[in-house]
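# A look at the structure
Each chain, written out:
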Amino acid sequence: MPEPMFLEKKKILQRQDFGKLIDALHQEGYTIIGPVLSETAISYGEIQSETDLPIGWTDIQEAGKYQLKRRPDEALFGYNVGFQSMKKYLFPPRQRLFTVDKKAGRLTFVEENPQIQKYAFLGVRSCDLHAALIQDKIFSEGSSRDKAYVRRREEAFVIVVQCGQSSSCCFCLSMGTGPKAEGGFDLALTECIDRQQHFFLIEIGSLRGEKLISSLPLKDVKEEDLLFAARVIDNAKAQMTKVMDTKGIKELFYSNWEHPRWDDVASRCIACSTCTLVCPTCFCWTIEDSISLTDQKAERWKRWDFCYSMEFSHLPSGSVRSSIKSRYRQWLSHKLASWIDQFGMSGCVGCGRCITWCPVGIDITEEVAALRVQSKEDVS
Amino acid sequence: MDHLPDFPENPFIPKPFVIEEKKRESPSVFSLYLRPIDQLPFYFLPGQFNMLSAIGGGEAAISIASDPTNPHILIHTLRIVGNVTKALSKLDKNDFVLVRGPYGRGWPIDLVKRKTLILVAGGIGLPPLLPLLYIAQKNKGYFKNLILLYGARTKDDLLFMPLLYKLKAEQIITLHVSVDRPSRDWKGQFGTVTALIPSISFDNKETFVFSCGPEIMMRFMARAFIQKNLPKEHIFFSMERNMKCAIGICGHCQLSPFFICKDGPVFPYEKIEHLLTVEEL
């Protein structure tokens, strides 16, 4: 967790010394999770050395489209958000809750006490950091506190990489979640690269962060370095074309449950749940029991669940949401409207993943804009 | 006490109970009388629910049907409708049932003290109202009047009739029963339970309505009372949705801004009225 007094502390790390940052994390016992090049996309995976990073790669994203592309330079973090986020590490897709054993007429419960991996997340974007803060609100507060989540989160060392570019699906500016992270990290890097130089501006966000980089060969920051870094962020802002108008968005949804646009989007949506999988804030889960053949032992698991399935709202009388229209409406209205009532904040960070990875290219910013266009019935 | 959970602060570790008695209430409904293994009293508020499971058989949210003044025996009345209730129905005396709870906001019982309370129950909606009947039985005078309007599909689906007739004979409740489909031997009222409302007289200011049953029944019921000038804010619904966690973090039971499990299941009608008219919300 960040400590405000460190936020003004900045240092310079040269590109050729970047490997030493990875070494320092390994020395502290962290498993480093960062961007790796899989066959068709940049995903999250374990980083052993800097060569695991997608050096010199970028991507082109549009609604329903993702394509890798070579960059003209050798930037380490010159890509946009991939389909994964910290979510699958902090809130694993499947977790055993407990095992219960029935022996000699007695029950013994063994609570799952998972070994908490000490993760260092490298290359976290501002939108994803905000997504983690949203999940913190759900899983770390009050009587519903999830102990394992809280421990994973406390252990997690977060290294943000400030965005220097935007894809055509990014809209964090609209959601107030980026492109620059202002806090909530241990370290934040801004990658500064041109023909003459390649270095990282490091912002220190915590005591832990300050300690980690104390052994690295760092330089003091000069005025021109700050200007360079500011241009990097400005570039990300300038490239961001997608916009979502969030003014009165809760009321927009609450007063448009029967808007004809819901039928329109339902005719395109295939209820595949991909948007919920790639969304860094979607948190729904379900419970599954399994039992051994001898009936002596049973397990209870929690696993991610998706509001696009019929079972999600199942009742003895049938599914509450049996139409795709109602399920799409539930997902989007929850994310952008009722989330605000439930948790005091929007459930959307503007990362654009649901747009890029939607197999039929549904763009939530377009859906919101369409809801704002009054139907004929509304006008009368 | 090695059979007790090691991590009681984990909200998902259930507490084992033993079935002391199993009673059939109708062809598809049965009651489980449960005693906690640890012998500790189980306190709850009328209208709250528990998550119940047979070992390895999945969990379901089931309202508590027992007497709140007797915390040593926990009663649940279930209709066999799915895998979880079917697994529970196969259990017998001395078998274990896993319980976590109680959860949710129950009936606002302080609000109705010394007032006229009308209970409107449809089918399996009666059990969550039973704790209120037990309160009236144990604490005569708690309510000024207690009226029960109870409807079921057929005569065979009516539950707890001996108890209800007994309470009626003891003048603890005024009882109106109606069945949707009367058989030849049915001598009472028939039609929907909401049809009973116009004939009831009450003092608007001093009367409250608690209802549990199919959503459509509750909506028409509310409309009928409002037509008789009962203030909207005097009407309360107990809502049903799919529930997995019971503490508002699994997302299943959402009704727009509400998590039925923790914001309900009992809601002032006023608070949810606008949401109930939206189809498939």
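These numbers come from a predicted model, not from an experiment.

Of regular secondary structure, chain A possesses 14 helices and 15 strands. In terms of overall size, chain A behaves like a compact globule, its C-alpha atoms giving a radius of gyration of 23 Å where 380 residues would be expected to give roughly 21 Å. For chain A, the proportion of contacts with a sequence separation of at least 24, taken over those separated by at least 6, is 72%. Per element, the accessible surface of chain A, about 16,300 Å² overall, is 52% carbon and sulfur. Distance between charge centroids for chain A: 3 Å, based on 49 positive and 50 negative side chains.

Bringing the overall build of chain B into the picture now. Of regular secondary structure, chain B possesses six helices and 15 strands. In summary, chain B has a C-alpha radius of gyration of 19 Å against a globular reference of 19 Å for 281 residues, a match within 12%. Overall size of chain B, expressed as C-alpha extent along the three principal axes, is 60 × 45 × 35 Å. Excluding contacts between residues fewer than 6 apart, the proportion of contacts in chain B whose partners are at least 24 apart in sequence is 69%. By element, 50% of the accessible surface of chain B is carried by carbon and sulfur atoms, the whole surface being about 11,800 Å². With 33 positive and 27 negative side-chain charges, chain B shows a separation of 5 Å between the mean positions of the two kinds.

Taken together, the 47 residues of chain A in the interface contact 40 residues of chain B. Around 4,000 Å² of area is buried between chain A and chain B when both sides are counted, 58% of it from carbon and sulfur atoms. A per-residue breakdown of the area chain A buries against chain B is headed by Leu 107, Phe 109 and Trp 285 of chain A, which together make up 17% of the total. Put simply, chain A and chain B have one salt bridge between them. A salt bridge links Arg 300 of chain A to Glu 59 of chain B; its shortest N-O distance comes to 3.1 Å. Counting the contacts that link chain A with chain B gives 21 residue pairs in polar contact (both at pLDDT 80 or more). At eight residues, the largest contribution of residues to the side of chain A that touches chain B is made by helix α11 (residues 324-343) of chain A. Of the residues in the side of chain A that touches chain B, the class split is 20 nonpolar, 15 polar and twelve charged.

Residues and elements named next belong to chain A. Once the domains are mapped, chain A shows domain 1 (4-239) and domain 2 (249-372). Its C-alpha centre places domain 1 at a distance of 26 Å from the equivalent point of domain 2. For the pairing of domain 1 and domain 2, the buried interface totals around 3,600 Å² over both sides, and the portion due to carbon and sulfur atoms is 63%. On the domain 1 side of the interface with domain 2, the three residues burying the most area are Lys 87, Ile 134 and Phe 171, jointly 16% of the side's total. The interface formed by domain 1 and domain 2 contains four salt bridges. A salt bridge links Glu 299 to Arg 96; the shortest N-O distance between them is 3.0 Å. Summed over the shared surface of domain 1 and domain 2, the result is 24 residue pairs in polar contact (both at pLDDT 80 or more).

Residues and elements named next belong to chain B. Per the domain assignment, the segments of chain B are domain 1 (15-103) and domain 2 (116-238). Inter-centroid distance (C-alpha atoms) of domain 1 to domain 2 is 24 Å. With 18 residues of domain 1 at the contact, the number on the domain 2 side is 13 residues. Taken over both partners, the interface formed by domain 1 and domain 2 buries close to 1,200 Å², and the fraction arising from carbon and sulfur atoms is 66%. Taken together, the connections running from domain 1 to domain 2 amount to one salt bridge. Measuring nitrogen to oxygen at the nearest pair gives 2.3 Å for the salt bridge that ties Asp 67 to Lys 138. Of the residues forming the side of domain 1 that touches domain 2, the biggest block, three residues, is contributed by strand β5 (residues 74-79). For the side of domain 1 that touches domain 2, a count of residues per class yields eight nonpolar, seven polar and three charged.

Turning next to the state of the cysteines. Residue and element names in this part refer to chain A. Taken as a whole, this structure holds zero disulfides over all chains when the rule is applied. With no disulfide of its own, Cys 127 lies 5.3 Å from the sulfur of Cys 351, the closest cysteine sulfur. Judged by its relative accessible area of 8%, Cys 127 is buried. Free cysteine: Cys 170, not disulfide-bonded; nearest cysteine sulfur from Cys 172 at 6.4 Å.

All names here are of chain A. Read across the sheet, four strands follow the order β7-β6-β13-β12 without closing on themselves; strand pairing throughout is antiparallel. Of all strands in the sheet, those with a lone pairing partner are β7 (106-111) and β12 (285-291), marking the two edges. The average angle at which neighbouring strand axes cross in this sheet is 20 degrees, direction not considered. Sheet topology places strand β6 (residues 94-103) next to β7; six bridges connect them, and they run antiparallel. Note on β7: the bridge partner recorded for Val 100 is Phe 109.

Here is what the cut-offs are and how they apply
- Residues numbered from 1 in each chain as written.
- Chains lettered and ligands numbered in written order.
- Predicted model: local features only at pLDDT ≥ 70, side-chain atom pairs only at ≥ 80, totals over all residues.
- Heavy atoms only, no water.
- Helix = DSSP H or I, 4+ residues; strand = E, 2+ residues; numbered from the N terminus.
- Rg over C-alpha atoms; globule rule 2.2 N^0.38 Å.
- Contact = heavy atoms within 4.5 Å.
- Areas by Shrake-Rupley, 256 points an atom, 1.4 Å probe, with all protein chains shown as cover.
- Lys, Arg positive; Asp, Glu negative; His and termini not counted.
- Charge placed at Lys NZ, Arg CZ, Asp CG, Glu CD.
- Buried area = accessible area lost by both parts, 1.4 Å probe.
- Salt bridge = Lys/Arg side-chain N within 4 Å of Asp/Glu carboxyl O.
- Polar contact = N/O pair within 3.5 Å; in protein donor to acceptor, adjacent residues only side chain to side chain.
- Nonpolar A, V, L, I, M, F, W, Y, C, P; charged D, E, K, R; others polar.
- Domains from an automatic or database assignment.
- Disulfide = S-S within 2.5 Å.
- Buried < 20%, exposed > 50% of the residue type's maximum accessible area, 1.4 Å probe, protein only.
- Pairing = 2+ DSSP bridges.
- Axes fitted to C-alpha atoms, helices over the stretch in contact; angles between N-to-C directions.

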